[in-house]
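Descriptive structure summary
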Amino acid sequence: MDFIHHFIPAHETPPRRVLLLLHGTGGNENDMIPLGRDLDPAAALLSLRGNVLENGMPRFFRRLAEGVFDEEDVVRRAHELADFIPAAAAKYEFDPAILSAVGYSNGANISAAVLLLYPGAIKSAILLRAMVPLTPATLPDLAGIRVLICSGTRDPIIPVENAERLTAMLRESGADVTLRFEEAGHQLVFDEIAAAKNWLRESSRE
Ligand code: MLT
C-alpha cells in the first residue's frame, strides 16, 4: 500500500461508513483518529500519513511557500490517493461508496484536489480549513457528491475569498456544497465539529 496508515474496523460488519482521515502539515496517521471517532463513533477509520516531507513535517503534496502549491505535485499526489482508495477498499473489504473524506488544512486540500481531478473517487467530504488546491483545465462532473467546507473568518492562512472560490468551483461542478464560516482562525472550534456531525448524520438519512 502506498501510504502509511491505520485502519480501525467498525463495530458493525460490513461498516456503514468509512472515514478517510487526512491530517494537516506536520501531522501523522494518529492525529485525526480522535476527531474521526467523535464525528461518527460507529464508522471504520482509515487514517493516512502524507508521503511528502517538508523539513521533517509530513504533508500530502509539496508547496513552494505557504499557500503556494507545486501544482505538478498536487496532480501526482492526488492520483496516488485516488488509486489508494479502491486498493484499501479491496484490502479492508468495504464499498468505496461509503467512504467520506475528512481532511484538515493540507489534508482538506488534497481531498479537494481528488474531488476536482478524480470525480467519483470520493463521494462525500468534510473539508476543514480548505483552499483551492489547483484550477483544473476543465471542471469535473460532481453531481451527487456532497461536500461540507468549514472555514474561519479570521484564518491567517486561508483568505475567506479563497474558501469561497473553492466552494464556487465545486458548486459549478455540480456538487452539493455547504459552506460554513466560524469566527475562528486556522484552529478548529467546537461548533463546527458539532455541525460536521449533524451533516454526516443527514447524509446517512439520504
Ligand atoms: C497547511 O499548512 O497545511 C496549509 O495551510 C495548507 C496547505 O499547505 O495545503
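Structure report, in brief. For clarity, every value in this text was computed on a predicted model and none was experimentally measured. (Residues numbered from 1 in each chain as written. Predicted model: local features only at pLDDT ≥ 70, side-chain atom pairs only at ≥ 80, totals over all residues. Heavy atoms only, no water.)

Looking now at the site of the ligand. Near the ligand, the surroundings consist of Thr-25, Arg-59, Phe-61, Arg-63, Phe-69, Ser-105, Asn-106, Asn-109, Ile-157 and His-186. Residue Arg-63 places a side-chain N or O atom 3.3 Å away from an oxygen atom belonging to the ligand. At 2.8 Å, a side-chain N or O of Asn-106 approaches an oxygen atom of the ligand. Across the complex, the protein chains shield 95% of the 260 Å² of accessible surface that the ligand would expose by itself. In terms of residue class, the shell around the ligand is made up of three nonpolar, five polar and two charged. (Near = heavy atom within 4 Å. Polar contact = N/O pair within 3.5 Å; in protein donor to acceptor, adjacent residues only side chain to side chain. Areas by Shrake-Rupley, 256 points an atom, 1.4 Å probe, with all protein chains shown as cover. Nonpolar A, V, L, I, M, F, W, Y, C, P; charged D, E, K, R; others polar.)

Before going further, it helps to spend a moment on the pairing of strand β8 (residues 99–104). The element β8 is extensively covered by neighbouring structure, given that six of its six residues are classed as buried. Burial of the side chains of β8 extends over both faces: Leu-99, Ala-101 and Gly-103 are buried on one face and Ser-100, Val-102 and Tyr-104 on the other. Taken together, the five bridges between strand β2 (residues 18–22) and β8 define a ladder with parallel strand orientation. Residue Val-18 lies in a different strand from β8, and its bridge partner there is Leu-99. (Buried < 20%, exposed > 50% of the residue type's maximum accessible area, 1.4 Å probe, protein only. Helix = DSSP H or I, 4+ residues; strand = E, 2+ residues; numbered from the N terminus. Pairing = 2+ DSSP bridges.)

What follows covers the sheet that holds strand β3 (residues 44–48). In space, the seven strands of this open sheet follow the order β1-β3-β2-β8-β9-β10-β11, with mixed pairing throughout. Strands with a single pairing partner mark the edges of an open sheet, and in this sheet they are β1 (5–8) and β11 (176–182). Adjacent strand axes in the sheet meet at a mean angle of 15° when their direction is disregarded. Sheet strands in contact with helix α2 (residues 71–92) are β1, β2, β3 and β8, and its direction is about 140° off that of β3. The strands that helix α4 (residues 160–172) touches are β9 (124–128), β10 (146–152) and β11; relative to β11, the one it contacts most, it runs at about 165°. (Axes fitted to C-alpha atoms, helices over the stretch in contact; angles between N-to-C directions. Contact = heavy atoms within 4.5 Å.)

Bringing helix α3 (residues 106–117) into the picture now. Taking 1.5 Å as the rise per residue, α3 with 12 residues should run 16 Å; its terminal C-alpha atoms sit 16 Å apart, in good agreement. Looking only at α3, the buried set comprises Asn-106, Gly-107, Ala-108, Asn-109, Ile-110, Ser-111, Ala-112, Ala-113, Val-114, Leu-115 and Leu-116. (Expected span 1.5 Å × (residues − 1).)

Because an α-helix packs 3.6 residues into every turn, residues spaced three or four apart end up facing the same way. A rise of 1.5 Å per residue sets the reference length of α4, with its 13 residues, at 18 Å; its end C-alpha atoms lie 18 Å apart and thus fit the reference within 8%. For α4, the elements touching its buried residues are α3, β9, β10 and β11. Taken from the residues just after α4, Gly-174 is the one with a positive phi, measuring 100°.

This paragraph deals with the pattern of salt bridges. Counted by the stated rule, this structure contains 16 salt bridges. The partner of Glu-54 in a salt bridge is Arg-63, with the nearest N and O atoms 2.8 Å apart. Overall, Glu-54 belongs to the buried group, its relative accessible area being 19%. Salt-bridge contacts for Glu-161 lead to Arg-165; the nearest nitrogen and oxygen are separated by 2.6 Å. Of this pair, Glu-161 and Arg-165 both sit in helix α4, four residues apart, roughly one helical turn. A relative accessible area of 42% means that Glu-161 is categorised as partly exposed. If you follow the salt bridges from partner to partner, you end up with Glu-12, Arg-16, Arg-17 and Asp-40 in one network. (Salt bridge = Lys/Arg side-chain N within 4 Å of Asp/Glu carboxyl O.)

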